Amino acid sequence: MNEIKLMKGNEALAEAAIRAGCDGYFGYPITPQSEILEYLTLEARQRTGMVVLQAESEVAAINMVYGAAGTGKRVMTSSSSPGISLMQECISYIACAELPCLLVNVMRGGPGLGTIQPSQGDYFQTVKGGGHGDYRLITLAPSTVQEMVDHVRLGFDLAFKWKNPVMILADGALGQMMEKVELFPQIPRKINIEPWATVGKPKERERNIITSLYLVTEVMEKINLDLQKKYKEIEKTEIRYEMTGCDDAEIILVAFGLVARICTKVAELAREKGIKVGVFRPITLFPFPYDELSKLSERVKGFHVVEMNAGQMVEDVRLSVNGKVPVEFLGRMGGIIPSVDDILQALELNYAGALL
Amino acid sequence: MNEKTMIGLEDEHFKQMISEESICVAENIVYEKPSVLTDTPMHYCPGCGHGVAHRLIAEAIEELGIQDKTIGVAPVGCAVFAYNYLDIDMTEAAHGRASAVATGIKRVLPDKYVFSYQGDGDLAAIGTGETIHTCNRGENIMIIFINNGIYGMTGGQMAPTTLIGMKSTTTPFGRDVELMGNPLKITELIAQLPGVYYCTRVAVNNPVNVRRAKKAILNGFKYQDRKKGLSFVEIVTNCPSNWKMTPIESNKFLEEQMMPFYPLGDLKIPTDKGE
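Residues numbered from 1 in each chain as written. Chains lettered and ligands numbered in written order. Predicted model: local features only at pLDDT ≥ 70, side-chain atom pairs only at ≥ 80, totals over all residues.

(A) Local environment of the overall build of chain B. Tallying secondary structure elements over chain B gives 13 helices and nine strands in all. Across the 275 residues of chain B, 49% fall into the buried class. Counting contacts in chain B only where the partners sit at least 6 residues apart, residues at least 24 apart contribute 67% of the total. (Helix = DSSP H or I, 4+ residues; strand = E, 2+ residues; numbered from the N terminus. Buried ≥ 20, exposed ≤ 12 C-beta atoms within 10 Å, placed from the backbone. Contact = placed C-beta atoms within 7 Å.)

Laid out in structure tokens, this is it:
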């Protein structure tokens, strides 16, 4: 029987990092995720010997992650929106050098210094690039504190499987709220040495070099083509999503993270009113479940996307649906979480005609 | 009697004495390429100090027998390809971040030898924050700082260490303090930090200085065993191409202009015996 606890999202994620056998965390305080650094500082070293270091900036933190990830260890950082913006240059280096690591963004409202309240405003930044060049982050979107835990273990597994940075894209509410969580048992820290890691070159092997610099254009194109090939493979094999009540649904609410849970309540209330509503929740935002949404679009009257931003994931839903049925959108910004009433009203307004 | 017979070159005994096998023996070797230096031809300009600095690092790693325990971090700048020349595991950092990258490596591999190799723009302009904090935390690494007072790779722009009055492509009339501020003596600043165990300024412009520089680099590796803090080795050097000088002129400028402002010598030496 696994241990069950009542935990705050950020602390649960930190606890999961220790239990996942994480070797190093490098971070910088920023609301609403500072509990991750605090919890790890208090707990990690004495329990597993894990390195926890408060860096002088997010720029330094992500570069420490880059160096440490190059040694083949399980390493991670976490931050919130403005801090993640600061990290983008190095995330691009990490993606190009194909190093595994775990990144966590507990999103707050922007743009600019914005607000410390929850938001999903960094969807574009995370799944469309963020830093320079053509690269992708495998992106996991937890919707419960339980998933804040589970995605840490899954994130490290995917990072090493694909030699790619993995981003957990949470929001300030998930980071701050408390829920019951089941914690997986302690996984031992890594002892195996990755063949590509910079750990000191024995006489018998070639030196390992971690770089993203290739001045010969044909070589740099080959690096890019290989990356794209990898991303295609990831798109084939790693798509994760959850469907609730979609079998007989006429309208599908599409939302990720916390908003999907609100949508589940909306679907319940809508069904009481006789409107058949289902909820589609992408769990991986890259790779995005385009085909699954496309299939659904063959048999529903419409989609309604809800996000805590001005409309970001909705673009990917529209790409999936490709004009076959309407795709409506409701977004709240500035740190406001859309309420059940907000969504239900929008749903009824937008689909009044279609449902008569 | 031909010339060869006259000087005895045809003599069998003499032939044996001067054969390749008889000459190339350990006791006759006075100079050779360190095994830790690869055979890749260096891209550095004629007369540049980088090549000598690389060689000294290679010699030190070879002498200490730590090739399998050493990880280097290359900067952005002229030494961006340092990993092509040193036969060790290396990571190429983003501009200015080498000391943060080195911190990450050392923290998860505390028993390995870790060094960063950075130029003046990298270390003292864009990377000043990382430099100061890495030094102040007393990370058990060595930072090798190449100061030639100019941005080499991008074609000779002003560096934080460019001397007052010195010309560059962005100080075409000479560095004017009113407009561009003062040259930064970052090594003097770093020597004040409690996390710094050893701080020295050396040069590689003549044999005596090369020997001192090598000693400093050896110290920077050896002191990592003591886990007492950071070793900072500045190598003040030349840039003939971007100073628009011949190598000889650049060495003269180095001695007459650079060294008076950046004086050679130890700024901080260990006060304990390493116990």
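(B) Seen up close, the pairing of strand β3 (residues 113–119) of chain B. Buried residues dominate β3(B), accounting for seven of its seven residues. Side chains Tyr113(B), Phe115(B), Tyr117(B) and Gly119(B) of β3(B) all project onto a buried face; the interleaved residues Val114(B), Ser116(B) and Gln118(B) project onto the opposite face, where all are buried too.

(C) Representation of the interface of chain A and chain B within the structure. Contact residues are listed per partner, giving 32 residues for chain A and 30 residues for chain B. Here the side of chain A that touches chain B is composed, by residue class, of 16 nonpolar, ten polar and six charged. Two strands pair when backbone bridges link them, and strand β9 (residues 209–210) of chain A and strand β2 (residues 89–92) of chain B are joined in this way by two bridges, in the parallel orientation. Paired with Ile209(A) across the strands is Met90(B), a residue of β2(B). (Nonpolar A, V, L, I, M, F, W, Y, C, P; charged D, E, K, R; others polar. Pairing = 2+ DSSP bridges.)

(D) Quick peek at the confidence of the model for chain B. Looking at chain B, pLDDT values average 94 and 96% of them are 70 or higher. Scoring the predicted complex yields pTM 0.95 and, for the interface, ipTM 0.96. (pLDDT = per-residue confidence, 0-100.)

(E) Representation of the packing of helix α4 (residues 50–64) of chain B against helix α11 (residues 207–222) of chain B. All names here are of chain B. At a minimum axis distance of 9 Å, the contact between α4 and α11 shows a crossing angle of 50 degrees. With respect to α11, the axis of α4 lies oblique. The handedness of the crossing between α4 and α11 is right-handed. Listed contacts from α11 to Val52, Leu56, Ile57, Glu59, Ala60 and Leu64 of α4 are Val210, Ala213, Lys214, Ile217, Leu218 and Phe221. Class assignment of the residues belonging to the contact of α4 with α11 gives a composition of ten nonpolar, no polar and two charged. (Axes fitted to C-alpha atoms, helices over the stretch in contact; angles between N-to-C directions. Parallel < 35°, antiparallel > 145°, perpendicular 65-115°, else oblique. Left-handed = near helix turned anticlockwise from the far one by under 90°.)

(F) Broad picture of helix α10 (residues 290–297) of chain A. All names here are of chain A. Regarding α10, the residues found buried are Leu293, Leu296 and Ser297. Relative to the axis of α10, the buried residues are bounded by an arc of 105 degrees and lie together on one face. Residues of α10 that are exposed and point over 90 degrees away from its buried face: Asp291 and Lys295. Buried residues in α10 make contact with β11 (251–254), β12 (277–282) and α11 (313–321). (Arc of directions from axis to C-beta.)

(G) Main features of the domain arrangement of chain A. All names here are of chain A. Each assigned domain of chain A is listed with its residue range as follows: domain 1 (3–201 + 225–237) and domain 2 (241–355). Between the C-alpha centres of domain 1 and domain 2 the distance comes to 28 Å. Taken together, the contact pairs 27 residues of domain 1 with 22 residues of domain 2. Top contributing element to the side of domain 1 that touches domain 2 by residue count: helix α5 (residues 123–127), with four residues. Residue composition of the side of domain 1 that touches domain 2, by class: 14 nonpolar, nine polar and four charged. (Domains from an automatic or database assignment.)

(H) Here's a closer look at the nonpolar core. Ala17(A), Val65(A), Cys263(A), Ile144(B) and Ile235(B) are the most contacted members of the largest nonpolar core, which has 181 residues in total. Formed by seven residues, the second largest nonpolar core is a distinct cluster that contains Ile150(B), Tyr151(B), Ala159(B) and Cys239(B). (Core = buried A, V, L, I, M, F, W, Y, C linked by C-beta atoms within 7 Å.)

(I) View of the sheet that holds strand β4 (residues 75–79) of chain A. All names here are of chain A. Spatially, β3-β2-β4-β5-β7-β6-β13 is the arrangement adopted by the seven strands of the open sheet, whose pairing is mixed. Sheet topology places β3 (51–54) and β13 (284–286) at the edges, where each strand pairs with a single neighbour. Looking at each pair of strands side by side, their axes are set apart by 20 degrees on average, direction ignored. Looking at chain direction, strand β2 (residues 24–27) and β4 are connected through two bridges and run parallel. Within β4, the residue paired with tyrosine 25 across the bridge is methionine 76.

(J) Looking closely at helix α13 (residues 247–261) of chain B. Residues and elements named next belong to chain B. With 15 residues, α13 should cover 21 Å at 1.5 Å per step; its first-to-last C-alpha distance of 20 Å lies within 8% of that length. The largest bend in α13 amounts to roughly 35 degrees and is located at leucine 254. Within the sequence span of α13, burial applies to Ser250, Asn251, Leu254 and Met258. Tucked into the core, α13 has its buried residues touching β8 (230–236) and α12 (240–243). (Expected span 1.5 Å × (residues − 1). Bend = angle between axes of the 7 residues up to and from the residue.)

(K) Just the packing of helix α1 (residues 9–19) of chain A against helix α2 (residues 34–48) of chain A, in detail. Residues and elements named next belong to chain A. With their axes 9 Å apart at the nearest point, α1 and α2 run at an angle of 30 degrees to one another. Taken as axis vectors, α1 and α2 run roughly parallel relative to one another. In the crossing of α1 with α2, the sense of the turn from one axis to the other is right-handed. In this structure, α1 uses Asn10, Glu11, Leu13, Ala14, Glu15, Ala17 and Ile18 to contact α2, whose residues at the interface are Glu35, Ile36, Tyr39, Leu40, Glu43, Ala44, Arg47 and Thr48. Of the residues in the contact of α1 with α2, the class split is eight nonpolar, two polar and five charged.

(L) Just the sheet that holds strand β15 (residues 327–331) of chain A, in detail. Residue and element names in this part refer to chain A. Ordered by their spatial adjacency, five strands build an open sheet running β10-β12-β11-β14-β15, and the pairing between neighbours is mixed. Edge positions in the open sheet fall to β10 (241–244) and β15, since each of these has one partner strand only. In this sheet, adjacent strand axes meet at a mean angle of 20 degrees when their direction is disregarded.

(M) Inspection of the pairing of β4(A) at higher detail. Residue and element names in this part refer to chain A. Counting buried positions along β4 yields five of five residues, so the element is predominantly enclosed. Of the two faces of β4, the one lined by Val75, Thr77 and Ser79 and the one lined by Met76 and Ser78 are each fully buried. Bridge analysis of β4 against strand β5 (residues 101–107) gives four bridges, and the strand direction is parallel. Looking at β5, one finds that threonine 77 is bridged to leucine 103. As a crossover connection, the stretch from β4 through helix α4 (residues 81–97) into β5 is right-handed. (Right-handed = clockwise from strand over helix to strand, strands pointing away.)

(N) View of the environment of Val321(A). All names here are of chain A. Tracing the backbone through its elements, the reader meets valine 321 in helix α11. Of the residues examined, valine 321 has 22 C-beta atoms within 10 Å and is grouped as buried. Valine 321 sits 168 residues away from arginine 153 along the chain, and the two C-alpha atoms are 32 Å apart. Residues in contact with valine 321, not counting those within four places in the same chain, are Leu293, Ser294, Ser297, Phe303 and Val327.

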